[in-house]
Each structure stands twice: as C-alpha cells, then as structure tokens.
Amino acid sequence: MNGHVLAVAVLLGVAVLLALLCAVGVLVMENPLRKLNYIAPVATLSAVLVTVAVFLSDAQKQAGLKVVVITFLLCLINGVVTHATARAARIRTQGDWRPAPGEQLPLVQDRAGPDRTNANGREP
Amino acid sequence: MTTVWLTAALGLLLALVPCALTCLRGKPIERLVGLEMAAVIQTLLLVCLAEAFERATFIDLALALGLLGFGNGLVFARFLERWL
C-alpha cells in the first residue's frame, strides 16, 4: 500500500466515520432542531474529505471539478435547507416563527430593542 | 484503490440505516430531517461508487441528486409548515 492509497483510505475512513456518527446522532436526538445540527458535519467536512480523496486518487480533472461543484453545492444548500426546516418546525409547534410576546429568547431579546408588537402580539 | 472506494461506499450505505429508521418513526419534521440527511449521504455514496467503478456518469447522478435534494427539502419544509 503506497502513500497515496493510504492517504485516500484515511480520508475516506474519517469521512465515513463522521457520516456514521452523525446518522446515529440524527436517530437518537429527541428534538428536530437538535437532529438538524447533525447534517452539517456530513455536508461540509465529509464532503470536503471525499473531494480531497478524489483529487489524490484520480487523475481525471473533469471528475475532480464535478466533485468540487458537488461539495460546494452541498455546503451552500445545507444551510438553506436547514434554515427552512427549522423554520417549518417552529411554525408547526408555535404557529409563527417569530417569538411570542412573553417568550424568552436570549439572543433575540438582546437585539430586539423596544417592543414593537401590536395587541395581537405580532409586528405591524 | 477500488477496494478502498468500495469499502467507503459500504460504510456510507450503513450510514443510511439510521436515516431510514428516522424516516420510519417520529413526527413529520423529524422524518424530513432523516430524509435530508439521507440525501447528503447518498450524494457522497454516488461519488464513492463513481470512483470505485471509474464511471464518470455516476458523478453526474450525484450532482443531480444534490440539486434535487435542495428542491425536495425546501418543498417538504414549506408544506410541513402548515398543510401536512
């Protein structure tokens, strides 16, 4: 086993191990928002590791470029889809994605400034 | 080298089992998360298979799956907000 094959094996091993752990994380977590956190490592780290492995093992430039495009898409798309899913989960449970009048959300609370909600509890 | 890529593909195939279990139980949003995770893993799986069998067309499949996973996730999330 030469150096290139060993490097590819290590990179793929880490990528697959990460995917396995994150898949188990998605399975065992209770809250859907917590489950969502486990998609990101696979879509970013594993994808990058596989891309580096492709470049190390393959001399075909065309295939390598396509894998780079796939990795870029996964990284970009994952954030958008995760945000949309989290938003859907909140709307499903709370009725609206915006915080309710008395709801304590530290990050939102600090940045919100004065209360601008109307009698219905929503912004005009 | 083919063995390394096939072993990685097998590992990724195993990672689909927890995703399938997530899709089979729980609330609809949790099932959607399992589906999104499965789409990402399948994309990487197709890349590994393309390298293992030295078929460049499989990489196009992975590219298509990555793009379709985006639309799929957004449409399901939109419908799960209120209608499903």
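Scroll up for the structure.
The sections below set out a description of the structure shown in this document. Quick caveat: nothing in here was measured; it's all calculated off a predicted structure. (Residues numbered from 1 in each chain as written. Chains lettered and ligands numbered in written order. Predicted model: local features only at pLDDT ≥ 70, side-chain atom pairs only at ≥ 80, totals over all residues.)

### Re the overall build of chain B
At step 1: In terms of helices and strands, chain B carries three helices and zero strands.
At step 2: Going from N to C terminus, chain B has its helices and strands arranged as α-α-α.
At step 3: C-alpha extents for chain B along the principal axes are approximately 50 × 25 × 10 Å.
At step 4: Classification of the 84 residues of chain B by burial places 46% in the buried group. (Helix = DSSP H or I, 4+ residues; strand = E, 2+ residues; numbered from the N terminus. Buried ≥ 20, exposed ≤ 12 C-beta atoms within 10 Å, placed from the backbone.)

### Brief notes about the interface of chain A and chain B
Interface size is often expressed as the accessible area that is lost when the parts come together.
At step 1: In this complex, chain A contributes 40 residues to the contact, which on the side of chain B involves 40 residues.
At step 2: For the side of chain A that touches chain B, the elements supplying multiple residues, two or more each, are helix H1 (3–28), helix H2 (32–37), helix H3 (39–57) and helix H4 (61–94) of chain A.
At step 3: When residues in the side of chain A that touches chain B are grouped by element, the largest group, 16 residues, is from H4(A).
At step 4: Tallied by class, the residues present in the side of chain A that touches chain B amount to 31 nonpolar, five polar and four charged. (Contact = placed C-beta atoms within 7 Å. Nonpolar A, V, L, I, M, F, W, Y, C, P; charged D, E, K, R; others polar.)

### As for the nonpolar core
At step 1: In terms of nonpolar packing, the biggest core is built from 57 residues, with B:Ile41 and B:Val47 touching the most fellow members.
At step 2: Of all elements in the fold, only H1, H3 and H4 of chain A together with helix H1 (2–24), helix H2 (28–53) and helix H3 (56–82) of chain B reach the threshold of two or more residues within this core.
At step 3: Element by element, the count of residues in this core is highest for H2(B), at 15 residues. (Core = buried A, V, L, I, M, F, W, Y, C linked by C-beta atoms within 7 Å.)

### Side note on H4(A)
At step 1: The terminal C-alpha atoms of H4(A), which comprises 34 residues, lie 49 Å apart, in line with the 50 Å expected from a rise of 1.5 Å per residue.
At step 2: Bending of H4(A) peaks at approximately 25° at the position of A:Ile77. (Expected span 1.5 Å × (residues − 1). Bend = angle between axes of the 7 residues up to and from the residue.)

### What to know about the packing of H3(A) against H2(B)
At step 1: Across the interface, H3(A) lies against H2(B) with an axial gap of 10 Å and an inter-helix angle of 5°. Relative to H2(B), the element H3(A) is oriented roughly parallel. Where H3(A) approaches H2(B), its residues A:Ile39, A:Val42, A:Ala43, A:Ser46, A:Ala47, A:Val50, A:Val54 and A:Ser57 are matched on the opposing element by B:Glu36, B:Met37, B:Val40, B:Ile41, B:Leu44, B:Val47, B:Cys48 and B:Glu51.
At step 2: A breakdown of the residues in the contact of H3(A) with H2(B) according to their chemical character gives 12 nonpolar, two polar and two charged. (Axes fitted to C-alpha atoms, helices over the stretch in contact; angles between N-to-C directions. Parallel < 35°, antiparallel > 145°, perpendicular 65-115°, else oblique.)

### A look at the packing of H4(A) against H3(B)
At step 1: Closest axis-to-axis distance for the H4(A)/H3(B) pair is 9 Å, and the angle between their directions is 10°. With respect to their mutual orientation, H4(A) and H3(B) come out roughly parallel.
At step 2: Along the lines of polarity and charge, the residues of the contact of H4(A) with H3(B) split into 20 nonpolar, five polar and four charged.

All we've got here are geometric facts, nothing functional implied.
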